[in-house]
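# Examination of the molecular architecture
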Amino acid sequence: MSKIYHPQKKMFKEPLIKNMCEYTELVEKFEEDYEGTWACFADEKIDWFKPYDKILDESDAPFYKWFDGGELNVAHQCIDRHLETKKNKAAIIFEGDNGDQRILTYRELYYEVNKTANMFKNKFGVKKGDRVVIYMPMIPEAAVAMLACARIGAIHSIVFGGFSADALRDRIIDAEAKLVVTADGAYRKGKPYMLKPVVDKALEEGCECVEKVCIVERNGEDIEWVAGRDYSFEELVKNESSKCDAEPVDSEHPLFLLYTSGSTGKPKGVQHSSAGYILWAQMTMEWTFDIKDNDTFWCTADIGWITGHTYIIYGPLAAGATTVMFEGVPTFPDAGRCWKMVEEYRINQFYTAPTAIRLLHKTGADEPAKYDLSSLRILGTVGEPIDPEAWSWYYNEVGSGQCSIVDTWWQTETGGHMITPLPAATPIKPACATFPLPGIKAEVIEADGTPTEAGEKGYLCITKPWPSMIRTIWGDKERFKKSYFGDCKKDGKPVYFSGDGAMKDEEGYITITGRTDDVINVSGHRMGTAEVEAAVKNHDHVAEVAVVGKPHDIKGEGIFAYVVLKSVPVEEKDVVADEMELIKEINGVIKNEIGAIALCDDIAFVPGLPKTRSGKIMRRILRSLAKGEEVKQDTSTLEDPSIVGKIKEILDA
Ligand code: WT7
């Protein structure tokens, strides 16, 4: 039995959900009238331009529609409607890598977004429904570009700045983007780094859809300007009018695409809606983070991931909060950077990934004690399981044993939190995501819908559609159905399967046990093994490859690749570089095709892979071998059972 931590009531003034009775009441309200309860929230929270006709349309399941017929504008929801009461409130507090600061009030953000929206329309011909790829560092212009798209009904697709030119190109082509918004580069650990050259390289082939590139000058380093294609953001935006009407869009109009990895094939463009997404972004800001008017909220994610979308930009701004945007890294100039910022900005909610917590614990365990962290009320984690050791340091040293820790489970596809403690209500068990939020029917079941016994692993499914769910995979409806609604059923009807396993205990607490598919979670980022394998195969000497995850002290999971080399005739032996050289080259290929985030931590050269007679690679065996565990799986069904021993010998050596 793990110890239970009760929320410290003195930390909370009028939280929206005060205790477990209120939680249960809300859950029951949804049980009694699912659609009606969602409608109450939608009516209360969203500033509708036109009321909706239907709450939930299930006629074309699993392509669910929420609040159909309604019209709104997400930029209006995030900015305009706050002008009456908060025009001079800080909307975004930006801190640069080297400590430079910029504060945008709601009024200033309003004008910046309007001007940028006008520039997108007038200078780049961006129209409602057009796709805009944003490949940017963590600077306020990135937020402005997102909201400018929302304002005119353009669909943004942010590509994380760590992705390579090839990865960027794939995403541009898949989305058929018309405009790319980027920066010359930015700063990291006190030094400039570049982004624009990556865009140039990406656009070298196959990106005819891209008409213009809009460049923010952040670090002032030299870049190439392609005449007629490349334009300076600053130069153009300053002449635009700061008035731009917010374009009314349908509830289901796509707000953005965000590419994420699956177990097979290329990354998929997860498509989110306008109304359902923004409703849940705002509600979870209020429920999970207990956001109050005077709070300063800091989520350390990058805007290139869903956490950055929902909890740096859309959630906080929809809730009218002050959100912190940080360009740098937590360990520069030292491991006290985050705590220094918490002290300086008097941060009330701090939200980060277990990887960052482990890193800060390892490199600066005593740092929190050097700062005044008394403003903190809620500490959040997201992206991967947190281990009890990191949890306990976070709770005791960062939170002084006073803050509530919210271990939030959710996904790119869910848009916002699904399973998480409520900070003022839920008694927490360390490293446990606890209970589904009201309105979210998250269940641990077998593939046929039977609930699993307490303490047994099962599939983590969400068995009712919810407003902020993924709508489809851009351009691939079949893949959408197959990826999420193909594996699990309840009462004979396909239900959303997350790809994660989970376990419910006697008291209903849900613990996430990790992916059940071939997806690895590196530092809280999803990496498809198939994608990494496809990259490695592009090295000339590689015949076969299998990639698995291996536990990693800081990153949660590291990437382990088993590589079978092509046989080389003896006379050509010396053209094949030695193993160290090959490892470098293979990682070089990965860096080019995906980006540094997918580099392998280990590469082992093996004579063959454990395959069944039908040719399926038994990754479970490879996972055990990578961990140095005894192989418990039955190897008799393998085409060549002796391969397991051979691989083991190589790894031992
Ligand atoms: C996958 C989703 C959601 C934003 C960041 C990642 C894992 C997420 C937790 C948690 C254990 C977690 C799951 C999930 N995950 N949160 N609190 N505890 N695992 O978004 O890239 O879409 O990845 O991250 O495996 O499926 P993502």
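About the criteria used
Residues numbered from 1 in each chain as written. Predicted model: local features only at pLDDT ≥ 70, side-chain atom pairs only at ≥ 80, totals over all residues. Heavy atoms only, no water. Helix = DSSP H or I, 4+ residues; strand = E, 2+ residues; numbered from the N terminus. Rg over C-alpha atoms; globule rule 2.2 N^0.38 Å. Buried < 20%, exposed > 50% of the residue type's maximum accessible area, 1.4 Å probe, protein only. Contact = heavy atoms within 4.5 Å. Areas by Shrake-Rupley, 256 points an atom, 1.4 Å probe, with all protein chains shown as cover. Lys, Arg positive; Asp, Glu negative; His and termini not counted. Charge placed at Lys NZ, Arg CZ, Asp CG, Glu CD. Phe/Tyr/Trp six-rings, centres within 6.5 Å; stacked < 30°, edge-to-face > 60°. Lys NZ or Arg CZ within 6 Å of the ring centre and 35° of its normal. Near = heavy atom within 4 Å. Polar contact = N/O pair within 3.5 Å; in protein donor to acceptor, adjacent residues only side chain to side chain. Nonpolar A, V, L, I, M, F, W, Y, C, P; charged D, E, K, R; others polar. Axes fitted to C-alpha atoms, helices over the stretch in contact; angles between N-to-C directions. Parallel < 35°, antiparallel > 145°, perpendicular 65-115°, else oblique. Disulfide = S-S within 2.5 Å.

A separate point is the overall build of the protein. When helices and strands are tallied, the protein shows 19 helices and 31 strands. In terms of overall size, the protein behaves like a compact globule, its C-alpha atoms giving a radius of gyration of 25 Å where 653 residues would be expected to give roughly 26 Å. Considered along the principal axes of its C-alpha atoms, the protein spans approximately 75 × 65 × 60 Å. The proportion of buried residues among the 653 residues of the protein is 60%. Looking at the protein alone, contacts between residues at least 24 apart form 71% of all its contacts between residues at least 6 apart. Surface accessibility of the protein: about 26,000 Å² in total, with carbon and sulfur atoms responsible for 47%. Each charge class in the protein was averaged separately, 78 positive and 104 negative side chains, and the resulting centres sit 2 Å apart.

Moving on to the packing of aromatic side chains. Going through the model one piece at a time under the given rule, you end up with 44 aromatic pairs. A ring pair is formed by Trp 298 and Phe 326, whose centres lie 5.7 Å apart and whose planes are at 85°; its orientation type is edge-to-face. Note that Trp 298 is positioned in strand E16 (residues 296-299) and Phe 326 in strand E17 (residues 322-326), a separation of 28 residues in sequence. Phe 326 matches Trp 298 in its accessibility class, with the two residues each being buried. Within the aromatic cluster, the residues linked to one another by ring pairs are Phe 30, Tyr 34, Trp 38, Phe 41, Trp 48, Tyr 52, Trp 66, Phe 67, Trp 280 and Trp 287. The ring of Phe 163 is capped by Arg 171, whose NZ or CZ atom sits 4.2 Å from the centre of that ring. Above the face of the Tyr 34 ring, Lys 464 is positioned so that its terminal group lies 4.6 Å from the ring centre.

If you check the shell around the ligand, you find 18 residues, and the closest are Asp 407, Thr 408, Thr 412, Asp 500 and Arg 526. At a separation of 2.7 Å, a nitrogen atom of the ligand approaches a polar side-chain atom of Asp 407. Here an oxygen atom of the ligand sits 2.9 Å away from a polar atom, N or O, in the side chain of Gln 411. Here the ligand has 560 Å² of accessible area as a free molecule, and 95% of this is covered by the chains. Secondary structure elements with two or more residues in the shell around the ligand: helix H11 (306-318), strand E20 (404-408) and strand E26 (510-515). Residue composition of the shell around the ligand, grouped by class: six nonpolar, seven polar and five charged.

The next thing to look at is the environment of Val 606. Of note, Val 606 is situated in the loop between strand E31 (602-605) and helix H18 (619-627). On the accessibility criterion, Val 606 (6% relative accessible area) is buried. Taking the C-alpha atoms as reference points, Val 606 and Glu 649, 43 residues apart in sequence, are found 9.8 Å from one another. Leave out the neighbours within four places in its chain, and Val 606 touches Tyr 562, Val 563, Val 564, Ile 647 and Ile 650.

All right, on to the packing of helix H13 (residues 354-364) against helix H14 (residues 388-398) then. Direction vectors running N to C along H13 and H14 enclose 75°, while the axes themselves pass 9 Å from each other. Regarding the angle of H13 to H14, the classification is roughly perpendicular. Where H13 abuts H14, its residues Ile 357, Arg 358, Leu 360, His 361 and Gly 364 lie against Glu 389, Ala 390, Trp 393 and Tyr 394. Residue classes in the contact of H13 with H14 are distributed as five nonpolar, two polar and two charged.

Right, let's get into the packing of helix H10 (residues 275-288) against H11. Contact pair H10 / H11: the axes reach a minimum separation of 8 Å and the direction vectors enclose 85°. With respect to their mutual orientation, H10 and H11 come out roughly perpendicular. Only His 309, Thr 310, Tyr 311, Tyr 314, Gly 315, Pro 316 and Ala 318 of H11 make contact with H10, whose side of the interface consists of Tyr 277, Ile 278, Ala 281, Gln 282, Thr 284 and Met 285. Looking at the contact of H10 with H11, its residues break down into eight nonpolar, five polar and no charged.

Moving on to the state of the cysteines. Scanning the entire structure with this criterion turns up zero disulfides. Here Cys 214 is not disulfide-linked; the sulfur of Cys 149 is the nearest cysteine sulfur, at 10 Å. For Cys 214, a relative accessible area of 0% puts it in the buried group. With no disulfide partner, Cys 244 has as its closest neighbouring cysteine sulfur the one in Cys 149, 12 Å distant. Its relative accessible area of 6% is what places Cys 244 among the buried residues.

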